[in-house]
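# Results of the structural survey
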Amino acid sequence: MKICVLPGDGIGPEITAEAVRVLKALDLRIEMEEALLGGCAVDATGNPYPEATQNLARASDAVLLGAVGGPQWDNLPREQRPERGLLGIRKDLGLFANLRPAILYPELANASTLKPEVVAGLDILIVRELTGDIYFGQPRGIEVRNGERVGFNTMIYSESEIRRILRVAFEAAMKRNKKVCSVDKMNVLECTQLWRDVAIEVGKEYPEVELSHLLVDNAAMQLVRAPKQFDVMVTGNMFGDILSDEASMLTGSIGMLPSASLDANNKGMYEPSHGSAPDIAGQGVANPLATILSAAMMLRYTFADEAAAQRVEGAVKKVLAQGFRTGDIYEPGTKRVGTREMGDAVLAAL
Ligand code: NAD
C-alpha cells in the first residue's frame with residue numbers, strides 16, 4: 001500500500017504529521033512518500049500541482065492531504081492559486097464521489113448550535129457527486145440577448161453518472177445502518193427526475209437497504225429539525241455542496257470532520273473538511289483529529305481494512321472520553337492540549 005502524503009500549507013504539516021504517526025503505529029505494510037501541493041508548491045516550483053506531485057499521486061493507492069491556501073497566495077494569478085492545485089488533483093485522479101461524515105461525539109454535544117438532544121450521537125454520511133451537474137454542464141456563460149445580459153448554466157447528469165454515485169452510497173450504507181436517502185428536486189427539474197428513477201433502479205440491487213427520497217428543500221429543513229433520522233444521504237454536486245456544509249455545521253466542531261473523495265476503483269484522497277487555518281498555523285494548537293479520522297476513512301474505503309479503521313476511530317473516541325481537547329473544542333473541566341499532545345493521546349489509546 002502506497003500513500004502519497006501532501007501536507008500542504010498553514011496547519012497542514014502539523015496535523016498531517018499526527019495522522020502519519022497514527023498510520024505508522026498500526027504496523028500495516030504501508031509506504032508513505034511526501035510531495036508538495038498548494039502554496040508551498042507554488043513557492044518551490046511556480047505550479048500548485050507540480051509534475052513530481054502528479055506522478056506520485058497517480059502511482060499511489062491513496063492520497064492523504066492536510067490543507068492548502070493562505071493569504072500570502074490570494075493575489076496570485078488564478079492558475080497559480082493553491083485552490084487550483086486542489087481542483088487539479090481531484091480532476092486528474094477522477095475523484096467523483098465525495099464522502100463527508102457528520103459525526104457528533106456525545107462528549108462534544110455542547111459544541112453544536114443546536115440543542116444537545118437534537119444532535120448528540122449524530123452520525124450521518126453525506127455522499128456528494130463531485131464531477132458533474134450544473135458545475136460542469138455545457139452550455140454555460142453570460143451573453144447579451146435582446147439587448148440585456150443573461151446568465152445560464154446547464155444541469156446535466158447521464159444515467160451512468162447517477163448509477164455510479166448511487167452505488168457508492170448503497171455500498172456505504174451496507175457497512176452502516178442500511179438506509180439511503182436520495183435527495184432531488186424532481187417536482188421541478190427533469191434532470192433530477194432521472195436521478196430519482198435511476199436511484200429506484202439501483203435500489204433494487206440492494207434489497208437489504210431501505211431507500212427513501214426527499215426534495216432538497218425538505219432535506220435542508222429535516223437536517224436541522226431531526227438530523228438523527230438519516231444514515232446515508234446521496235445527492236448531486238450542487239445540492240451536495242450545500243447540504244454537506246449544513247450537515248457539518250450541525251456538529252459545530254470543524255476540527256473533527258474528515259472527508260474522502262473516491263474514484264471508480266476506491267482510490268481516494270483523504271483530507272479534513274476544514275481549511276489551512278492560517279490564523280493558528282505554526283502554533284502547535286490545531287486539532288489533528290479530522291486528519292486522523294480521514295486516515296481512518298482511507299483504511300476503510302481504499303484499503304478495505306474495517307478493523308484498522310475502527311481501531312483508529314475507537315482511539316479518537318477514547319481520547320475524547322478521557323477529556324483531551326484542543327482549543328477549538330475546549331470546555332471548562334476538560335484537559336486543554338496542543339496538536340502533538342493530542343496525537344500522543346491517540347497513540348496511547350491505540
Ligand atoms: P479554515 O477552515 O481554515 O478556518 C476557519 C476557522 O476554523 C479558523 O478560525 C481556524 O482557526 C479554525 N480551524 C480550522 N481548522 C482547525 C483545526 N484543525 N483546529 C482548530 N481550529 C481550526 O477556513 P478559512 O479561514 O475560511 O480558510 C483559510 C484558508 O484555507 C484559505 O486560504 C482557504 O482558501 C483555505 N481552504 C482550504 C481548504 C482545503 O484545503 N481543502 C478548504 C477550505 C479552505
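Note that the coordinates shown come from a computational prediction; the quantities given were computed from them, not determined experimentally. (Residues numbered from 1 in each chain as written. Predicted model: local features only at pLDDT ≥ 70, side-chain atom pairs only at ≥ 80, totals over all residues. Heavy atoms only, no water.)

### Observations concerning the site of the ligand
Inclusion rule: We call a residue near a given molecule or strand whenever any one of its heavy atoms falls within 4 Å of it. The term polar contact refers here to a pair of N or O atoms within 3.5 Å; inside protein, the definition further demands a hydrogen-donor-capable atom paired with an acceptor-capable atom, and it admits residues adjacent in sequence only when both atoms are side-chain atoms. Gly is put with the polar residues, along with every residue not named as nonpolar or charged; the nonpolar set is Ala, Val, Leu, Ile, Met, Phe, Trp, Tyr, Cys and Pro, and the charged set is Asp, Glu, Lys and Arg.
V68, G275, A277, D279 and N287 are the nearest of the 20 residues found near the ligand. G70 is positioned such that a nitrogen or oxygen atom in its backbone is 3.1 Å from an oxygen atom of the ligand. Taking A277, its main chain carries an N or O atom lying 2.8 Å from an oxygen atom of the ligand. Here the shell around the ligand is built from residues that sort into nine nonpolar, seven polar and four charged.

### Considerations on the domain arrangement of the protein
Interfaces are frequently sized by the accessible area removed from exposure as the parts join. Defined as follows: These domain boundaries are the output of an automatic or database domain assignment. Two residues qualify as a contact provided that any one of their heavy atoms is within 4.5 Å of a heavy atom in the partner residue. Note on definitions: buried area is the accessible-area loss of two parts on being combined, 1.4 Å probe, summed for both. Whenever a carboxyl oxygen of Asp or Glu lies within 4 Å of a side-chain nitrogen of Lys or Arg, that contact is scored as a salt bridge. Numbering of helices and strands runs from the N terminus, with a helix taken as a DSSP run of H or I at least four residues long and a strand as a DSSP run of E at least two residues long.
Domain boundaries assigned for the protein yield domain 1 (1–96 + 265–350) and domain 2 (109–262). The gap between the C-alpha centroids of domain 1 and domain 2 is 24 Å. Residue-level contacts link 26 residues of domain 1 with 21 residues of domain 2. Roughly 2000 Å² of surface becomes buried between domain 1 and domain 2 when both sides are summed, with 63% attributable to carbon and sulfur atoms. The interface formed by domain 1 and domain 2 holds zero salt bridges in total. For the interface between domain 1 and domain 2, the tally reads nine residue pairs in polar contact (both at pLDDT 80 or more). The set of elements that each furnish at least two residues to the side of domain 1 that touches domain 2 consists of β12 (268–272), α10 (289–301) and α11 (306–321). Here the element with the most residues in the side of domain 1 that touches domain 2 is α10; it accounts for seven residues.

### Points about the sheet that holds strand β9 (residues 210–215)
Rules: Paired strands, in this sense, are two strands between which DSSP finds at least two bridges. Fitting a line to C-alpha atoms yields each axis, with helices limited to the stretch in contact; the angle taken between N-to-C directions then spans 0 to 180 degrees.
One open sheet holds the ten strands; their spatial order is β2-β1-β3-β12-β11-β4-β5-β10-β8-β9, and the pairing between them is mixed. This sheet does not close on itself; its edge strands, each paired only once, are β2 (31–34) and β9. Averaged over all adjacent pairs, the angle separating strand axes in this sheet is 20°, with direction ignored. Relative to β12, strand β3 (residues 62–67) is paired through three bridges, and the arrangement is parallel.

### Remarks on empty space enclosed by the protein
The gaps left among the atoms become clear once a water-sized probe is rolled over them. Our working rule: Using a grid of 1 Å spacing that covers the protein atoms alone, one calls a set of points a cavity when a 1.4 Å probe fits there but cannot get out, and a pocket when the set is open and has protein on both sides within 12 Å along at least five of seven lines; lining residues are those with an atom within 4 Å of a point. Grid points are joined across faces, edges and corners, and a volume is the space filled by probe spheres set on the points.
Under the defined criterion, the tally for this structure stands at two cavities of 30 Å³ or more. Roughly 70 Å³ of internal volume is contained in the largest cavity. For the lining of the largest cavity, the element with the most residues is helix α7 (residues 190–203), which contributes three residues. Along the lines of polarity and charge, the residues of the lining of the largest cavity split into six nonpolar, two polar and two charged. In this model, the second largest cavity occupies a volume close to 30 Å³.

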